[in-house]
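# Observations on the model geometry
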Amino acid sequence: MKPRVRALVSIALLALVLWRLDLGRTLEMLRSLEFGWLVLTLAVIVAGVFWSAWKWRILAAALSVRCPYFHLVRWYFIGSFFNHFLPTTVGGDAVRVTLMSRSSGQIPASLCSVLAERLTGIIALVGIAAAGAWLVPVPAELRFLTLTYLMLLLALLAGGFWLLRGRHVPAKLEKPAGWKAKARYYGGLYAGQIASYRNHRPALAGALLLSIGFQLVAITVGYLVGRTLQIPVSWSTCLLCIPLATLAALLPVSINGIGVRETAYVALFTRSGLSSEQAFLIGFGTFVFVLLASLVGGTLALWSEKEQPGGAPAKED
C-alpha cells in the first residue's frame, strides 16, 4: 500500500476515534499524570531494548554473525528511532539489517537474524495471550479472544515449522542470470539461512524464552501507562487486549500503526469496562512513551554511530 494511502487511513481512523471522545475529559485525565510512574515506564521501555538486543545477539551468533553487544544495543535504538519516522512499523528492522550487514559483511545472515528476532517475538506474544486467555477470567465481551489467539498461535507455529524445513543453499561465486533465476536463488539462500536455525535449537529455545520475558514486559508497559495516568486497568486486562492491538498495529495499512492501534485499544479495552477516553489514552500513551524512549536512545545512538562508524567487520567483545 502506498504511503499516501496509509496516511489517509491513519488520519481517517484517528479522526474517527477522536470524534467519539470527550476531549475535555481526556485533557483532564492527562493533568492527573503521575511523574514517578512516568519515569518507571520509560525505564522499563529502555530496559526492554537491552533485553531485545541480547536476544538478537543469540540469533545472530547462531548464523555466525558475531557483533559486540553494545553495538547491537546501539543499532536497536537506531532501529526503534527510525520505526517512528518511516512509513511502516518494520522500517527500523531494515535499518538494523543495514547496520549489521555493513559491520559484518554478511547480508543474508544479518537479514535473517532480524527476521528471526521479529518472528520469535510475535510467536511469544501470541503464545502468552493464548495462555492468558485460558488461565485468567475473561469477560463475556472478550471471550472471542480465546479462539482468536489459539488460531493465530497454530498458524504462526505452522509457519515457523515450514520455514525451518527449508534447505541450505550455498552462495555461488557466479550469480545466476535472469530475474527469475535470481529470485529463486536468493529466495533459497535466505530461506536456507532461516532453516539453519534447526541446527541451533538451544539458541532458538533461548531466543523464545527471552521473547516471552520481553513480551511480558511489553504488556506491563501498557499497565504502567495506565498507572501513570491513574487509569484503573488490571494487568490481566492488558494481557488479554494488548497482544491483539499490537498485532493490528503491525498490519501494513497505516503509517506506523497510527489510527489502527488506537482503534484497536478502544474496541478491546472498552469491552473490559474502561471508557473510550481511558482506552485511547493507554493506547496512544504507550505509543508516545515508546517514541520518547526511542528519541532519547536514538539520538545518543546516532551520535555514537557517527563517532564510531562500523565499516569493518566487528569482533566479539
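Residues numbered from 1 in each chain as written. Predicted model: local features only at pLDDT ≥ 70, side-chain atom pairs only at ≥ 80, totals over all residues. Heavy atoms only, no water.

With that settled, consider helix α7 (residues 144-164). Since the α-helix turns once every 3.6 residues, residues separated by three or four places project in the same direction. Here α7 spans 31 Å end to end across 21 residues, near enough to the 30 Å set by a 1.5 Å rise per residue. Regarding α7, the residues found buried are L145, T146, Y149 and L153. The buried residues of α7 all sit within an arc of 100° when viewed along its axis, so they share a single face. α7 presents L147, M151 and W162 as exposed residues on the side facing more than 90 degrees away from its buried surface. The inward-facing, buried residues of α7 abut α6 (107-135), α10 (235-250) and α11 (260-269). (Helix = DSSP H or I, 4+ residues; strand = E, 2+ residues; numbered from the N terminus. Expected span 1.5 Å × (residues − 1). Buried < 20%, exposed > 50% of the residue type's maximum accessible area, 1.4 Å probe, protein only. Arc of directions from axis to C-beta. Contact = heavy atoms within 4.5 Å.)

Let's shift gears to empty space enclosed by the protein. Taken as a whole, this structure holds two cavities of 30 Å³ or more when the rule is applied. In this structure, the largest cavity spans a volume of roughly 1,100 Å³. Around the largest cavity, the lining is made up of 39 residues, and of these N83, R118, F214, T246 and V290 lie nearest the centre. Taken together, the elements giving at least two residues each to the lining of the largest cavity come down to α3 (35-62), α4 (69-83), α5 (91-104), α6, α9 (201-228), α10, α11 and α12 (276-307). The class makeup of the residues in the lining of the largest cavity is 19 nonpolar, 14 polar and six charged. (1 Å grid on protein atoms, 1.4 Å probe; cavity = no way out; pocket = protein on both sides within 12 Å on 5 of 7 lines; lining within 4 Å. Points joined across faces, edges and corners; volume = space filled by probe spheres on them. Nonpolar A, V, L, I, M, F, W, Y, C, P; charged D, E, K, R; others polar.)

What follows concerns the pattern of salt bridges. According to the stated counting rule, one finds seven salt bridges in the structure shown. Across the pair E117 and R96 runs a salt bridge whose closest N-O atoms are separated by 3.0 Å. A residue pair is termed long-range when its members are at least 10 positions apart, and E117 in helix α6 and R96 in helix α5 qualify at 21 residues. Exposure class is identical for E117 and R96. Each is buried. Overlapping salt bridges, with partners in common, bring together K55, D93, R96, E117 and R118 in one network. (Salt bridge = Lys/Arg side-chain N within 4 Å of Asp/Glu carboxyl O.)

It is worth spelling out the environment of A267 at this point. Mapped onto the elements, A267 comes out in helix α11. Distance in space between the C-alpha atoms of A267 and F280 is 9.4 Å, their sequence separation being 13 residues.

On to unusual backbone geometry. It is generally the case that most residues other than glycine have a negative phi and that most peptide bonds are trans. Positive phi is not limited to glycine here, since S64 has a value of about 65°. Backbone geometry at N256 places phi at a positive 55°, although glycine is not the residue there. With respect to the helices and strands, the residue N256 is situated in the loop between α10 and α11.

Okay, the environment of E262 next. When you line up the elements, E262 lands in helix α11. Overall, E262 belongs to the buried group, its relative accessible area being 0%. The spatial distance from the C-alpha of E262 to the C-alpha of V17 is 7.3 Å, given a sequence separation of 245 residues. In this structure E262 touches L14, V17, G257, F280 and F284, once residues within four positions along its chain are discounted.

This part covers the nonpolar core. Counting residues in hydrophobic clusters, the biggest one holds 47 residues, and the most contacted among them are I231 and F269. Not counting residues up to four positions away in its chain, the partners in contact with I231 are M29, G226, L274, Q278, L281 and I282. By size, the runner-up hydrophobic cluster in this structure holds 29 residues, among which are W56, L59, F77 and C112. (Core = buried A, V, L, I, M, F, W, Y, C linked by side-chain atoms within 4.5 Å.)

A contiguous nonpolar surface patch, about 350 Å² in accessible area, is contributed by L209, I212, L216 and W235. Looking at which element gives the most residues to the nonpolar patch, the answer is α9, with three residues. Residue L209 is classed as exposed on the basis of its relative accessible area of 62%. (Patch = residues over 30% accessible without salt bridge, like charges linked within 9 Å, V, L, I, M, F, W, Y side chains within 5 Å. Areas by Shrake-Rupley, 256 points an atom, 1.4 Å probe, with all protein chains shown as cover.)

Under the criterion given, the structure shown has nine aromatic pairs. Where F280 meets F284, the ring centres are 5.5 Å apart and the plane angle is 5°; that geometry is what we call stacked. With F280 and F284 both in helix α12 and four residues apart, this pair spans about one turn of that helix. Through a chain of ring-to-ring contacts, the aromatic side chains of W54, Y69 and F70 assemble into a single cluster. The ring of W56 has R96 sitting right over it, with the charged end atom 4.7 Å from the ring centre. For R96, the ring lying beneath its charged end belongs to Y76, and the centroid distance is 4.3 Å. (Phe/Tyr/Trp six-rings, centres within 6.5 Å; stacked < 30°, edge-to-face > 60°. Lys NZ or Arg CZ within 6 Å of the ring centre and 35° of its normal.)

Of the volumes computed, that of the largest pocket is approximately 350 Å³. In terms of lining residues, the largest pocket is bounded by 15 residues, among which I123, G160, F161, L164 and L204 are the most central. Of all the secondary-structure elements, those providing two or more residues to the lining of the largest pocket are α6, α7 and α9. It is α7 that provides the largest number of residues to the lining of the largest pocket, a total of seven residues. Of the residues belonging to the lining of the largest pocket, the class tally is 12 nonpolar, three polar and no charged.

Of the residues in the chain, 85% reach a pLDDT of 70 or more, and the chain-wide mean stands at 86. Below pLDDT 50 for its whole length, residues 309-317 participates in 20 contacts with residues either more than four positions away or in separate chains. (pLDDT = per-residue confidence, 0-100.)

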